[in-house]
Amino acid sequence: MQAIFNISESRRLLLESFMFVYPIFIFCIFFFLYRKFISKIFWKRNLLPENQYFLVSVWSLKIATFISGLDQGSATSLPIWQYIDYLYNKESFGWRYLTLKTPDVTQSPKGTEIKQVFYQKNDDKNMSPVRSIIVADTYPIDMDLLPEFVTNHDYVLFQRLVNNQTDRVRGYNQDLVLDIIRQIRKAETDGVQDIYLLLNTSPTHVTEIMRESFQDAGRNSIKHLYVYESQSESPFRFVKPHRIY
C-alpha cells in the first residue's frame, strides 16, 4: 500500500491501527442500532416472559438485560431471592435496565386466619442476634427439613389458614404482610442484627414486605439481610442463603 499509493510511514501506521479497531467499531455501531432501533421494530420487550422459570445467575441476567435491550419481565419467572435482590438493588448495574412486573392476584377469601408461631432457641433472656422469618404460603414446608442454621436460632413461622386448612391460592392478604412487617420491627427492637427470609409466597407479598421493611435507606438496626434459595421441585427445601446486603 505504501508503494502503490505513496503513503508515508506515519499514515501507513495510522491506517494499520484503524484496520485493527475496525471490527470493534463495526460491533459498537451494530450494538447501538440493535439497542435503539431493531429491538423496538420487532416489539420484543420481555427478557423473562410469564409461565417460564429461569434458574440462572444474577450476573448473567444483568449482562443479558444490558446487551439485549429487553427491559421487561415477570417476577414469577425468577426465584424469590433474586426478585428480592432486584427490589433492593434496583438502581445497580443491570437491574436498572429491567422492569419486573408482579401478576394480578385476587384478594384472600374472607375468614382467612394468619397463624404465626415463634420458636425461641435461647434458654436465657438474651435474644439471639439472628432471626429467621418463614412464610409457608403457596406450597407446604416440611419443618423437619429446615436448614440446621435456621433451627439453631430464633425463627417465626407464618401460615394462611382457611377453615383451619392451609390456603394455597396465590391471593393477596394484607394482614399477612402487616404481621410479617410487625415481626421484623419486633426483631429490630430485640436487637436482632441478621434476618434470614425463607419465603414461599407470591411476589405481591414480597414487594410489600420489602418496601415497608428494608427499602428505607438503612434507617433500621438490621445489619444484614439474607434470603434462602428454595428448590424448584418437591420437597421445596431451602438449600442456600444469599446475602442481599
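What this report covers is the structure whose coordinates are included nearby. Note that the structure is a prediction, hence the values are computed from the model and not measured.

1. Topic: the layout of surface pockets
Here is step 1 of the chain: Of the volumes computed, that of the largest pocket is approximately 360 Å³.
Here is step 2 of the chain: Among the elements of the structure, helix H4 (80-88), strand E8 (194-200) and strand E9 (224-230) are those that each provide at least two residues to the lining of the largest pocket.
Here is step 3 of the chain: Ranked by residues supplied to the lining of the largest pocket, first place goes to E9 with four residues.
Here is step 4 of the chain: Broken down by class, the residue content of the lining of the largest pocket amounts to 14 nonpolar, seven polar and two charged.

2. Section: the packing of aromatic side chains
Here is step 1 of the chain: Applying the stated criterion across every chain, the model contains 10 aromatic pairs.
Here is step 2 of the chain: Seen in terms of ring centroids, Phe149 and Tyr196 are 4.9 Å apart; in terms of plane orientation they differ by 55°. Their pairing is tilted. Of this pair, Phe149 sits in helix H5 (residues 148-151) while Tyr196 sits in strand E8, placing them 47 residues apart in sequence.
Here is step 3 of the chain: By relative accessible area, which is 32% here, Phe149 ends up partly exposed.
Here is step 4 of the chain: Relative accessible area serves as the criterion here: at 8%, Tyr196 is assigned to the buried category.

3. Some remarks on unusual backbone geometry
Here is step 1 of the chain: For the bond from Ser234 to Pro235, the omega torsion is 15°, close enough to zero to count as cis.
Here is step 2 of the chain: You can see Pro235 is positioned in the loop between E9 and strand E10 (238-243).
Here is step 3 of the chain: Phi angles above zero are rare outside glycine, and Asn51 is one such case at about 60°.
Here is step 4 of the chain: Relative to the elements of secondary structure, Asn51 occurs in the loop between strand E1 (46-48) and helix H3 (58-68).
Here is step 5 of the chain: Residue classification places Asn51 among the exposed positions, given a relative accessible area of 80%.

4. Section: helix H7 (residues 203-213)
Here is step 1 of the chain: Burial analysis of H7 places eight of its 11 residues in the buried class, the great majority of the element.
Here is step 2 of the chain: Listed as buried for H7 are Pro203, Thr204, His205, Val206, Thr207, Ile209, Met210 and Ser213.
Here is step 3 of the chain: Next to the buried residues of H7 lie H4, strand E6 (154-162), helix H6 (174-189), E8 and E9.

5. Here's the deal with the side chain of Lys62
Here is step 1 of the chain: With respect to the secondary-structure elements, Lys62 resides in helix H3.
Here is step 2 of the chain: Here Lys62 is buried and forms no salt bridge, its nearest opposite-charge partner Asp85 lying at an N-O distance of 4.7 Å.
Here is step 3 of the chain: When neighbours within four sequence positions are excluded, Lys62 is seen to be in contact with Ser92, Phe93, Gly94 and Trp95.

6. Some thoughts on the packing of H6 against H7
Here is step 1 of the chain: Interaxial distance between H6 and H7 falls to 10 Å at its minimum, and their mutual angle equals 35°. Both H6 and H7 take part in a crossing whose hand is right-handed. Touching Leu176, Val177, Ile180, Ile181, Ile184 and Arg185 of H6 are His205, Glu208, Ile209, Glu212 and Ser213, all from H7.
Here is step 2 of the chain: Considered class by class, the residues forming the contact of H6 with H7 number six nonpolar, two polar and three charged.

7. A short note on the sheet that holds strand E3 (residues 99-101)
Here is step 1 of the chain: Here we have three strands laid out as an open sheet, ordered E1-E2-E3, and parallel in their pairing. The open sheet has two edge strands, E1 and E3, and neither has a second partner. Put simply, the sheet's adjacent strands are angled 35° from each other on average, direction ignored.
Here is step 2 of the chain: Two strands pair when backbone bridges link them, and strand E2 (residues 72-74) and E3 are joined in this way by three bridges, in the parallel orientation.

8. Regarding the nonpolar core
Here is step 1 of the chain: Judged by nonpolar contacts, the single largest core of 40 residues is most densely connected at Ile133, Ile195 and Leu197.
Here is step 2 of the chain: Looking at this core, the element that brings in the most residues is H6, giving six residues.
Here is step 3 of the chain: Residues in contact with Ile133, not counting those within four places in the same chain, are Val156, Phe158, Ile180, Gln183, Ile184, Ile195, Tyr196, Leu197, Leu198 and Leu199.
Here is step 4 of the chain: Within the second largest apolar cluster, 13 residues are counted, among which are Ala136, Leu146, Tyr155 and Leu157.

9. Topic: empty space enclosed by the protein
Here is step 1 of the chain: One pass over the structure, following the stated rule, counts one cavity of 30 Å³ or more.
Here is step 2 of the chain: Ile141, Asp142, Leu145, Leu146, Pro235, Phe236, Arg237 and Phe238 together form the lining of the largest cavity.
Here is step 3 of the chain: For the lining of the largest cavity, the per-class residue count stands at six nonpolar, no polar and two charged.

10. Description of H3
Here is step 1 of the chain: Within H3, burial applies to Val58, Leu61, Lys62, Thr65 and Ser68. Take H3 and look down its axis: the buried residues cluster within an arc of 155°, on one side only.
Here is step 2 of the chain: Once H3 ends, the next one or two residues include Gly69, with phi positive near 80°.

The rules behind these values
Residues numbered from 1 in each chain as written. Predicted model: local features only at pLDDT ≥ 70, side-chain atom pairs only at ≥ 80, totals over all residues. Heavy atoms only, no water. 1 Å grid on protein atoms, 1.4 Å probe; cavity = no way out; pocket = protein on both sides within 12 Å on 5 of 7 lines; lining within 4 Å. Points joined across faces, edges and corners; volume = space filled by probe spheres on them. Helix = DSSP H or I, 4+ residues; strand = E, 2+ residues; numbered from the N terminus. Nonpolar A, V, L, I, M, F, W, Y, C, P; charged D, E, K, R; others polar. Phe/Tyr/Trp six-rings, centres within 6.5 Å; stacked < 30°, edge-to-face > 60°. Buried < 20%, exposed > 50% of the residue type's maximum accessible area, 1.4 Å probe, protein only. Contact = heavy atoms within 4.5 Å. Lys, Arg positive; Asp, Glu negative; His and termini not counted. Salt bridge = Lys/Arg side-chain N within 4 Å of Asp/Glu carboxyl O. Axes fitted to C-alpha atoms, helices over the stretch in contact; angles between N-to-C directions. Left-handed = near helix turned anticlockwise from the far one by under 90°. Pairing = 2+ DSSP bridges. Core = buried A, V, L, I, M, F, W, Y, C linked by side-chain atoms within 4.5 Å. Arc of directions from axis to C-beta.

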